[in-house]
Amino acid sequence: MTNHIVLFEPEIPDNTGNIARTCAGTNTVLDLIEPLGFHLDDKHLKRAVLDYGGEVEIRRHDDLRAFLATLPDNAEMYLISKFSSKAYTDVDYTDESKDYYFVFGRETTGLPETFMRQYADRNLRIPMSDKIRAFNLSNSAAIVIFEALRQQGFPHMEKSHHYENDKLKDDYNRPGRYQRNLPKH
Ligand SMILES: C[S@@+](CC[C@H](N)C(=O)[O-])C[C@H]1O[C@@H](n2cnc3c(N)ncnc32)[C@H](O)[C@@H]1O
């Protein structure tokens, strides 16, 4: 089982950078459908990818058709769109024989209407109030991928870890921890 976040023609490098970081932290493959609104060596994207997501597997596709042609037989593809009336939480993402693909639209115009109509039963909505037009792209990606991962039991992810500077350790607040070596006058 592999999870994929697929971005259709993303425009804002910071969003793609954030998503790349999320992909690295969750062992998710990032598929980018061109054209992109930025260069892959954009400094914001690079900072996010290199500082935090150097391990992320990025696959680039010339266009939507080219991306669809790469889908394996076991692909379960979902289109993430506010226009759906089915919630993203109402789907089972736990079939280990499947590869899950979550396709998100571009920041300004979302997903193409024809594509959404073609896969009408595959559109999923993140519930939201009527006070906004849509959620931010990178937040939407995080919301959906973490529901899939939660259902899958967070595969190959550490649910706990012990750090050297563990804030929950008993001696974290030991006297002197915050004392600075100020110069003596
Ligand atoms: C900023 S939104 C795009 C808004 C665009 N005006 C539209 O018509 O979809 C960017 C992407 O985030 C995702 N998104 C944002 N809010 C969503 C919601 N409430 N439900 C599902 N997806 C959402 C979708 O994939 C969307 O294409």
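My aim in this report is to walk through the structure given alongside it, one point at a time. Because the structure is a prediction, the values reported are computed rather than measured.

### Some words on the overall build of the protein chain
Next, step 1: Summing up its helical and strand segments, the protein chain has five helices and six strands in all.
Next, step 2: Moving toward the C terminus, one meets the helices and strands of the protein chain in the order β-α-β-α-β-α-β-β-α-β-α.
Next, step 3: Counting the 185 residues in the protein chain, one finds 38% classified as buried.
Next, step 4: Within the protein chain, contacts between residues at least 6 apart in sequence are counted, and of these 78% link residues at least 24 apart.
Next, step 5: Roughly 11900 Å² of accessible area belongs to the protein chain as shown, and the carbon and sulfur atoms make up 46% of that amount.

### Things to note about the nonpolar core
Next, step 1: Residues I5, L30, Y93, F102 and F104 are the most contacted members of the largest nonpolar core, which totals 28 residues.
Next, step 2: Mapped onto this core, the elements with two or more residues apiece are strand 1 (3-8), helix 1 (13-26), strand 2 (29-33), strand 4 (75-80), strand 5 (99-104) and helix 5 (137-152).
Next, step 3: Examining the composition of this core, we find that six residues originate from one element, helix 5, more than from any other.
Next, step 4: Each residue touching I5, except ones within four places of it in the same chain, is listed here: I19, C23, T28, V29, L30, D31, F102, F104, A141 and I145.

### What about the packing of helix 1 against helix 5?
Next, step 1: Following both chains from N to C, one finds helix 1 and helix 5 inclined at 15°, their axes separated by 9 Å at the closest point. Between helix 1 and helix 5, the crossing angle belongs to the class labelled roughly parallel. Viewed along their axes, helix 1 and helix 5 form a crossing whose handedness is right-handed. Contacts between helix 1 and helix 5 involve N15, N18, I19, T22 and T26 from the former and L137, S138, A141, I145, F146 and L149 from the latter.
Next, step 2: Grouping the constituent residues of the contact of helix 1 with helix 5 by class yields six nonpolar, five polar and no charged.

### Concerning helix 1
Next, step 1: Compared with an ideal rise of 1.5 Å per residue, which puts 14 residues at 20 Å, helix 1 spans 20 Å between its outermost C-alpha atoms and is within 8% of the ideal.
Next, step 2: P13, N15, T16, G17, I19, A20, C23 and T26 are the residues of helix 1 that are buried.
Next, step 3: Phi for N27, located one or two positions after helix 1, is positive at around 55°.

Analysis parameters
Residues numbered from 1 in each chain as written. Predicted model: local features only at pLDDT ≥ 70, side-chain atom pairs only at ≥ 80, totals over all residues. Heavy atoms only, no water. Helix = DSSP H or I, 4+ residues; strand = E, 2+ residues; numbered from the N terminus. Buried < 20%, exposed > 50% of the residue type's maximum accessible area, 1.4 Å probe, protein only. Contact = heavy atoms within 4.5 Å. Areas by Shrake-Rupley, 256 points an atom, 1.4 Å probe, with all protein chains shown as cover. Core = buried A, V, L, I, M, F, W, Y, C linked by side-chain atoms within 4.5 Å. Axes fitted to C-alpha atoms, helices over the stretch in contact; angles between N-to-C directions. Parallel < 35°, antiparallel > 145°, perpendicular 65-115°, else oblique. Left-handed = near helix turned anticlockwise from the far one by under 90°. Nonpolar A, V, L, I, M, F, W, Y, C, P; charged D, E, K, R; others polar. Expected span 1.5 Å × (residues − 1).

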